[in-house]
Amino acid sequence: MTKRILVTGGAGFIGSNLTNNLLTDGLDVTVFDALVRAGSRENLAWLRQHSNRLRVVQADVRDLKAVTEVVADVDVIYHLAGQVAVTSSVTDPRSDFETNALGTLNVLEAARESRRQPIVVFTSTNKVYGAMENVSVVEGQSRYSFAECPNGISETQPLDFHSPYGCSKGAADQYVRDYGRIYDLPTVVFRMSCIYGPRQFGTEDQGWVAHFIISVLTGQSITIYGNGKQVRDLLFVDDLVRAFRLAVDRIDRAAGEVFNIGGEPFNSTSVWAEFGQVVAELSGHDISVSFDDWRPGDQPCYVSDIRKAGELLEWRPLINKETGIRRLWGWASSNLDTLERGQVIRRGGVRPPRPLQEERVTDALPPSRRNWPGRRGVPRPTPSHRC
């Protein structure tokens with residue numbers, strides 16, 4: 001029997017890619033989305049090519065009645081809706097909590113009361129690990145790296161919520177896990193690292209890979225918070241969608257589990273000292289950036305240990321960072337009108353991409369006074385955690 005599928009936040013970046021993948025496979029999907037984020041209406045218009053299999057409910061996960069009604073007859077819930085920016089959580093922690101923590105509780109309660117025992121797949125974040133002060137970090141010329149932990153950070157890393165965003169997502173993460181234990185709901189948690197790809201309307205506050213690419217394409221200014229050596233592992237959205245679907249297909253193995261999901265060490269990069277070189281080569285011109293203080297709770301280095309997902313889901317990334325970045329560049333450069341409608345860019349001063357050249361980004365590293373150790377709100381290295 002065909003499963004009935006719900007994607008909360010289905011018009012967002014990850015949600016629209018997941019929904020498109022499900023619809024392309026001939027499945028019926030309900031998208032539940034408040035349509036308030038930049039680009040969500042453009043993503044929804046793109047999804048309507050599958051209008052005969054797509055149902056759309058415009059509502060907010062904070063609305064328990066709306067959530068209960070839409071969950072009542074579904075078999076699989078991909079719960080992606082949420083407030084996604086650390087900066088916004090600092091400015092408005094109440095809205096952040098109500099959307100991420102209370103919204104997730106609404107989804108779980110609706111699933112518990114639906115009598116269908118729906119599978120619940122939840123998108124958590126690496127921010128639940130906080131600044132990882134027990135993990136020693138070494139500063140190199142262009143990046144930070146772990147003194148140990150060659151495979152990255154595993155699911156055994158202690159939780160340590162930093163920022164209101166980390167707290168709200170961390171609370172939701174633990175509620176999803178516990179509803180699996182207490183109410184026997186088949187739940188799966190993915191603690192995501194840096195996800196990127198087409199349909200990502202990246203801004204300065206969230207979606208930095210797309211934000212940098214879009215800014216370079218359109219001649220907008222770029223500010224680096226910290227010194228640009230912070231390291232993240234990049235995971236192309238198609239690989240993430242495949243992991244989500246494998247979790248549902250193999251729910252007998254995945255139920256009750258938490259997975260760190262990202263690009264692993266091979267697909268890691270520093271956010272500007274290295275990534276800036278890549279976009280400079282793609283654009284064919286030098287790029288000037290400005291630097292500002294570190295943001296609260298920012299991790300100098302985060303790379304996912306994905307061995308658990310490999311073992312239980314038989315999953316690993318198939319799209320390397322070089323291929324994925326070029327795909328995102330190609331999508332963004334071909335969709336400037338869509339990005340403008342999504343209010344991510346202003347068309348004044350758009351600089352068209354030029355042929356690839358062996359040029360180098362300028363001002364890639366900031367003054368030494370902005371180096372990581374000792375900056376306000378950023379931890380110093382401490383004795384190593386055993387991975």
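Heads up: the structure comes first, above all this text.
Right, let's walk through the structure included here. (Residues numbered from 1 in each chain as written. Predicted model: local features only at pLDDT ≥ 70, side-chain atom pairs only at ≥ 80, totals over all residues. Heavy atoms only, no water.)

**Some thoughts on the side chain of Ser 163**
Item 1. Relative to the assigned elements, Ser 163 resides in helix 6 (residues 163–182).
Item 2. The buried category is assigned to Ser 163, whose relative accessible area is 17%.
Item 3. Within the local environment of Ser 163, its side chain forms a polar contact with the backbone nitrogen of Gly 166, the two atoms lying 3.1 Å apart.
Item 4. Among all residues touching Ser 163, those that are not within four sequence positions of it are Val 86 and Ser 89. (Helix = DSSP H or I, 4+ residues; strand = E, 2+ residues; numbered from the N terminus. Buried < 20%, exposed > 50% of the residue type's maximum accessible area, 1.4 Å probe, protein only. Polar contact = N/O pair within 3.5 Å; in protein donor to acceptor, adjacent residues only side chain to side chain. Contact = heavy atoms within 4.5 Å.)

**Let's talk about the sheet that holds strand 12 (residues 257–261)**
Item 1. A sheet is described by the order of its strands in space; here 7 strands give the open sequence 3-2-1-4-5-8-12, paired in parallel fashion. The outermost strands of the open sheet, each flanked by one partner alone, are strand 3 (54–58) and strand 12. Between one strand axis and the next, the sheet turns by 20° as a mean value, whatever way the strands run.
Item 2. Where strand 2 (residues 29–33) lies against strand 3, 5 bridges are found, and the strand directions are parallel. Opposite Val 29, over in strand 3, you have Leu 54 as the bridge partner.
Item 3. Packed onto the sheet, helix 5 (residues 93–113) meets strand 4 (76–79) and strand 5 (119–125) and runs at close to 175° relative to strand 4.
Item 4. Contacting strand 5, strand 8 (187–192) and strand 12, helix 6 crosses the sheet at an angle of about 155° to strand 8. (Pairing = 2+ DSSP bridges. Axes fitted to C-alpha atoms, helices over the stretch in contact; angles between N-to-C directions.)

**What about the pairing of strand 1 (residues 5–8)?**
Item 1. Taking every second residue as pointing to the same face, both faces of strand 1 are buried, with Ile 5 and Val 7 on one and Leu 6 and Thr 8 on the other.
Item 2. By the bridge criterion, 4 bridges tie strand 1 to strand 2 in an arrangement that is parallel. From the neighbouring strand, Ile 5 faces strand 2, where its bridge partner is Val 29.
Item 3. Between the parallel elements strand 1 and strand 2, the chain passes through helix 1 (residues 13–24) in a crossover that is right-handed.
Item 4. Sheet analysis places strand 1 next to strand 4, joined by 4 bridges and oriented parallel. Within strand 4, the residue paired with Leu 6 across the bridge is Ile 77. (Right-handed = clockwise from strand over helix to strand, strands pointing away.)

**Here's the deal with helix 3 (residues 64–71)**
Item 1. Taken residue by residue, helix 3 has Ala 66, Val 67, Val 70 and Val 71 as its buried positions. End-on, the buried residues of helix 3 take up no more than an arc of 120°, which puts them together on one face. Helix 3 presents Lys 65 and Glu 69 as exposed residues on the side facing more than 90 degrees away from its buried surface.
Item 2. The secondary structure elements touched by the buried residues of helix 3 are strand 1, strand 2, strand 3, strand 4 and helix 5.
Item 3. Its side-chain oxygen 3.2 Å from the backbone nitrogen of Lys 65, Asp 63 forms the N-cap of helix 3. (Arc of directions from axis to C-beta.)

**A closer look at the pattern of salt bridges**
Item 1. As enumerated under the stated definition, the model contains 20 salt bridges in all.
Item 2. The salt bridge partner of Arg 53 is Asp 28, with a shortest N-O separation of 3.0 Å. Within this pair, whereas Arg 53 is found in the loop between helix 2 (40–47) and strand 3, its partner Asp 28 is found in the loop between helix 1 and strand 2, the two being separated by 25 residues in sequence.
Item 3. Under the relative-accessibility criterion, Arg 53 is labelled partly exposed at 34%.
Item 4. Take Asp 28: its relative accessible area is 37%, and that puts it in the partly exposed class. (Salt bridge = Lys/Arg side-chain N within 4 Å of Asp/Glu carboxyl O.)

**Structural notes on the nonpolar core**
Item 1. Counting 41 residues, the largest nonpolar core has Ile 14, Tyr 78, Phe 190, Phe 244, Ile 261, Leu 313 and Trp 315 as the members making the most contacts within it.
Item 2. Residue contributions to this core peak at 8 residues, all from helix 8 (residues 237–249).
Item 3. Those residues in contact with Tyr 78, other than ones at most four positions away along the chain, are Ile 5, Leu 6, Val 7, Thr 8, Leu 18, Leu 22, Val 121, Phe 244, Arg 245 and Val 248.
Item 4. Among the nonpolar cores identified, the runner-up in size contains 32 residues, and Val 216, Leu 217, Ala 280 and Leu 282 belong to it. (Core = buried A, V, L, I, M, F, W, Y, C linked by side-chain atoms within 4.5 Å.)

**Observations regarding the packing of aromatic side chains**
Item 1. For the coordinates displayed, the defined rule picks out 13 aromatic pairs.
Item 2. An angle of 50° between the planes, with centres 6.4 Å apart, marks the rings of Tyr 175 and Tyr 179 as tilted. Taken together, the positions of Tyr 175 and Tyr 179, both in helix 6 and 4 residues apart, correspond to about one turn of that helix.
Item 3. Cluster of aromatic residues (ring-pair linked, three or more members): Tyr 78, Phe 190, Phe 244 and Phe 259.
Item 4. Above the face of the Tyr 225 ring, Arg 295 is positioned so that its terminal group lies 3.9 Å from the ring centre.
Item 5. The ring of Phe 259 has Lys 308 lying over it, and the distance from NZ or CZ to the ring centre is 5.5 Å. (Phe/Tyr/Trp six-rings, centres within 6.5 Å; stacked < 30°, edge-to-face > 60°. Lys NZ or Arg CZ within 6 Å of the ring centre and 35° of its normal.)

**Some details on the packing of helix 7 (residues 208–218) against helix 12 (residues 321–334)**
Item 1. Packing of helix 7 against helix 12 leaves a shortest axis separation of 10 Å and a crossing angle of 50°. By the angle between their axes, helix 7 is oblique relative to helix 12. As helix 7 runs across helix 12, the sense of the crossing is right-handed. Across the interface between the two elements, Val 209, Ala 210, Ile 213, Ile 214, Val 216 and Leu 217 of helix 7 pack against Ile 325, Leu 328, Trp 329, Ala 332 and Ser 333 of helix 12.
Item 2. Of the residues belonging to the contact of helix 7 with helix 12, the class tally is 10 nonpolar, 1 polar and no charged. (Parallel < 35°, antiparallel > 145°, perpendicular 65-115°, else oblique. Left-handed = near helix turned anticlockwise from the far one by under 90°. Nonpolar A, V, L, I, M, F, W, Y, C, P; charged D, E, K, R; others polar.)

**Overview of the environment of Gly 197**
Item 1. With respect to the element layout, Gly 197 can be found in the loop between strand 9 (194–196) and helix 7.
Item 2. Judged by relative accessible area, Gly 197 falls into the buried class, the value being 0%.
Item 3. In the structure, Gly 197 is positioned 183 residues away from Ile 14 in sequence and 8.7 Å away in space, judged by C-alpha atoms.
Item 4. Setting aside residues no more than four positions away along its own chain, Gly 197 makes contact with Phe 13, Phe 236, Val 237 and Leu 328.

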